[in-house]
Amino acid sequence: MNTTSRQRPRAILRVHFHPAERTEELYGQLLTVVDSISSRVEPLSADWSAYVDLTGALSYWGRDVEGLVAVLRLRLLALHGVQCSAGAGPTRSIAAMAADITPSGAATVVRDEPYEIAAFLRTKPASALPGIGPKTARALSRYGITSVGDIADTQLSTLQRILGTTAARLALERAHGIDERAVVPGAAPRSMSAGHRFARDELDSDRHQRAVLGLVQELGGRLRTSGEIAQALTLTVTYADRTQTSRNRRLAEPTAHTPTLTATTRELLTGLGLQRARVRTLTIRAERLQPAEHAVRQLTLDHAVDKALLIEAVQDRARQRYGRDVIKPARLARRPGMRNSR
């Protein structure tokens, strides 16, 4: 295998945005800045990043990769006050790996030269290679394969016995710096969010749960009203010191139904472990929206599910006619002695 088979050197950038607060509008504005550098932009809204193909833009701007990335970082900071971290290389996988090791406000560039590609890749742990998850990395380590260099030095037939035919081929190619996947330009997928700011920094985990439940009720209703379904959910917690933590989960099936959204959001909240956290704001964002007619619902013999969906439709009509607070879950009803933080 060699990395010189391409006739034209490629320059792929993976950029991660690090704003103080995340909004759909801001993400679109940041993508506009990136688009002013190169029109070949592939948004990845789930983790506030994007792939950018800089190959054609280099000659247009008359700059090398480092110079063009510096221009992009300066524009993002000057126009929107947003720092970014960026990784660039001749392939998507190298760009992603470079971005993963780069702190906010910096950039890592791997030039399209065989020696530099090998020097960058070989010392990285096997788990750093895109497509090698923790389970696969453990399987490789049992055979003494712990680095990307080890993968590159292993015979394909050996890797196939460990990983299977397709996974072995991809791992070996990427370990040698070969990844022909193109950047696919596209508009940023739509998202929809709902947020709750507590009257004061909140320690009570029960109030966290109640706030999240209320947000899911609101978000599900808005999705169904707009005729859209979500493919993923992101829960963002803003703490008393204004730092943030986010968790994202892809839904098993795209949906706008509150029970499914609630179950997924509760898993995200539980995973954050907020028992002793002073929470200022909770935000839920429905990601990668698509028209509801694209929904594919698995067949079920559970009549309780059909009944719940029917009740949900009746509740939506009642809320549209009499207001969203006319019907709410029992847990959201204000209890004696409880402070309403909304």
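Residues numbered from 1 in each chain as written. Predicted model: local features only at pLDDT ≥ 70, side-chain atom pairs only at ≥ 80, totals over all residues. Heavy atoms only, no water.

J.: Sorry, what's going on with the pairing of strand E3 (residues 49-53) here?
T.: Residues in a regular strand project their side chains so that they alternate between the two faces of the sheet. With five of its five residues buried, E3 lies for the most part within the structure. Of the two faces of E3, both are covered, the one formed by Ser49, Tyr51 and Asp53 as well as the one formed by Ala50 and Val52. As defined by bridge partners, strand E1 (residues 12-18) adjoins E3 across five bridges and the pair is classed as antiparallel. Paired with Val15 across the bridge in E3 is Ala50. Of the strand pairs in this sheet, strand E2 (residues 41-44) and E3 are connected by four bridges, and their pairing is antiparallel. Within E3, the residue paired with Val41 across the bridge is Val52. (Buried < 20%, exposed > 50% of the residue type's maximum accessible area, 1.4 Å probe, protein only. Helix = DSSP H or I, 4+ residues; strand = E, 2+ residues; numbered from the N terminus. Pairing = 2+ DSSP bridges.)

J.: Could you clarify how one ought to interpret the pattern of salt bridges in this entry?
T.: Pairs can form between side chains of opposite charge once their charged atoms are near each other. Evaluation of the coordinates by the stated rule reveals 15 salt bridges. Among the salt bridges present, the one from Arg222 reaches Glu218, with a minimum N-O distance of 3.4 Å. You can see Arg222 and its partner Glu218 sitting in helix H10 (residues 205-226), four residues apart, about one turn around the helix. By relative accessible area, Arg222 is classed as partly exposed at 34%. Members of the salt-bridge network, linked through shared partners, are Glu66, Arg111 and Glu116. (Salt bridge = Lys/Arg side-chain N within 4 Å of Asp/Glu carboxyl O.)

J.: Even after reading the chapter, I still don't get the nonpolar core, so can you show me in this structure?
T.: One broad trend across soluble globular proteins is that nonpolar side chains are buried collectively. Judged by nonpolar contacts, the single largest core of 29 residues is most densely connected at Leu13, Phe17 and Leu54. Secondary structure elements with two or more residues in this core: E1, helix H1 (24-35), E3, helix H2 (55-61), helix H3 (65-80) and strand E4 (83-89). Apart from the residues lying within four places of it in its own chain, the contact partners of Phe17 are Arg22, Tyr27, Leu30, Leu31, Val34, Trp48, Ser49, Leu76, Val82, Gln83 and Cys84. Grouped together as the second largest cluster of nonpolar side chains are 28 residues, Val212, Leu219, Leu233 and Tyr239 included. (Core = buried A, V, L, I, M, F, W, Y, C linked by side-chain atoms within 4.5 Å. Contact = heavy atoms within 4.5 Å.)

J.: For this particular structure, what's the right way to read the sheet that holds E3?
T.: In a beta sheet, neighbouring strands pair by backbone hydrogen bonds and run either parallel or antiparallel. Ordered in space as E2-E3-E1-E4-E5, the five strands form an open sheet in which the pairing is mixed. Only two strands of the sheet have a single partner each, and these edge strands are E2 and strand E5 (107-109). Along the sheet, successive strands turn relative to each other by an average axial angle of 15°, direction set aside. Of the strand pairs in this sheet, E1 and E4 are connected by seven bridges, and their pairing is antiparallel. The partner of Arg14 across the bridge, within E4, is Gly87. (Axes fitted to C-alpha atoms, helices over the stretch in contact; angles between N-to-C directions.)

J.: Is there a simple way to think about the pairing of E4 in this case?
T.: Of all seven residues in E4, six are buried; the element is thus mostly enclosed. Pairing geometry for E4 and E5, over three bridges, is parallel. Looking across to E5, one finds that Gly87 is bridged to Thr108. In this fold, the crossover linking E4 to E5 by way of helix H4 (residues 92-100) has left-handed handedness. (Right-handed = clockwise from strand over helix to strand, strands pointing away.)

J.: So what exactly am I meant to see when it comes to the confidence of the model for the chain here?
T.: When pLDDT drops low, the exact placement of atoms in the prediction is not to be read closely. Looking at the chain, pLDDT values average 84 and 82% of them are 70 or higher. In the model, residues 1-6 has pLDDT below 50 throughout and makes 16 contacts with residues more than four positions away in sequence or in other chains. Every residue in residues 297-303 scores below 50 in pLDDT, and together they form five contacts with partners more than four places removed in sequence or on other chains. (pLDDT = per-residue confidence, 0-100.)

J.: Explain unusual backbone geometry to me, please; I cannot follow it from the model alone.
T.: Peptide bonds are trans in most cases, and residues, glycine excluded, mostly fall at negative phi. The phi torsion at Trp48 lies on the positive side, around 55°, for a residue other than glycine. In this fold, Trp48 is placed in the loop between E2 and E3. The backbone of Arg242 sits at a positive phi, close to 75°, despite the residue not being glycine. Mapped onto the elements, Arg242 comes out in the loop between strand E7 (228-239) and strand E8 (244-255). For Arg242, a relative accessible area of 66% corresponds to the exposed category.

J.: How do you make sense of the packing of aromatic side chains when you look at a structure like this?
T.: Each aromatic ring pair is described using two quantities: the centre-to-centre distance and the angle formed by the ring planes. Within this structure, the stated rule accounts for three aromatic pairs. Centre to centre, the rings of Tyr27 and Trp48 are 5.1 Å apart; their planes meet at 55°, and the pair counts as tilted. One end of the pair, Tyr27, is in helix H1; the other, Trp48, is in the loop between E2 and E3, and 21 residues separate them in sequence. Aromatic pair Tyr60 and Trp61: ring centres 5.9 Å apart, planes at 80°, arrangement edge-to-face. (Phe/Tyr/Trp six-rings, centres within 6.5 Å; stacked < 30°, edge-to-face > 60°.)

J.: Help me out: how do you make sense of the packing of helix H8 (residues 156-163) against helix H9 (residues 165-175) in this one?
T.: The description of two packed helices rests on the angle between their axes and on the distance between the axes. At a minimum axis separation of 7 Å, H8 and H9 run at an interaxial angle of 130°. Classified by the angle their axes make, H8 and H9 are oblique. Considering how the two elements wind past one another, H8 and H9 form a crossing that is right-handed. Across the interface between the two elements, Leu156, Leu159, Gln160 and Leu163 from H8 touch Thr165, Ala167, Ala168, Arg169, Ala171 and Leu172 from H9. Tallied by class, residues from the contact of H8 with H9 come to seven nonpolar, two polar and one charged. (Parallel < 35°, antiparallel > 145°, perpendicular 65-115°, else oblique. Left-handed = near helix turned anticlockwise from the far one by under 90°. Nonpolar A, V, L, I, M, F, W, Y, C, P; charged D, E, K, R; others polar.)

J.: Before we go on, may I ask you to explain the environment of Gly227 in this structure?
T.: Mapped onto the elements, Gly227 comes out in the loop between H10 and E7. Among the residues examined, Gly227 registers a relative accessible area of 29% and is labelled partly exposed. Considering only alpha carbons, one finds Gly227 and Gln290, 63 residues apart in sequence, at a separation of 8.6 Å. Discounting chain neighbours no more than four positions away, the residues touching Gly227 are Gln290, Pro291 and Ala292.

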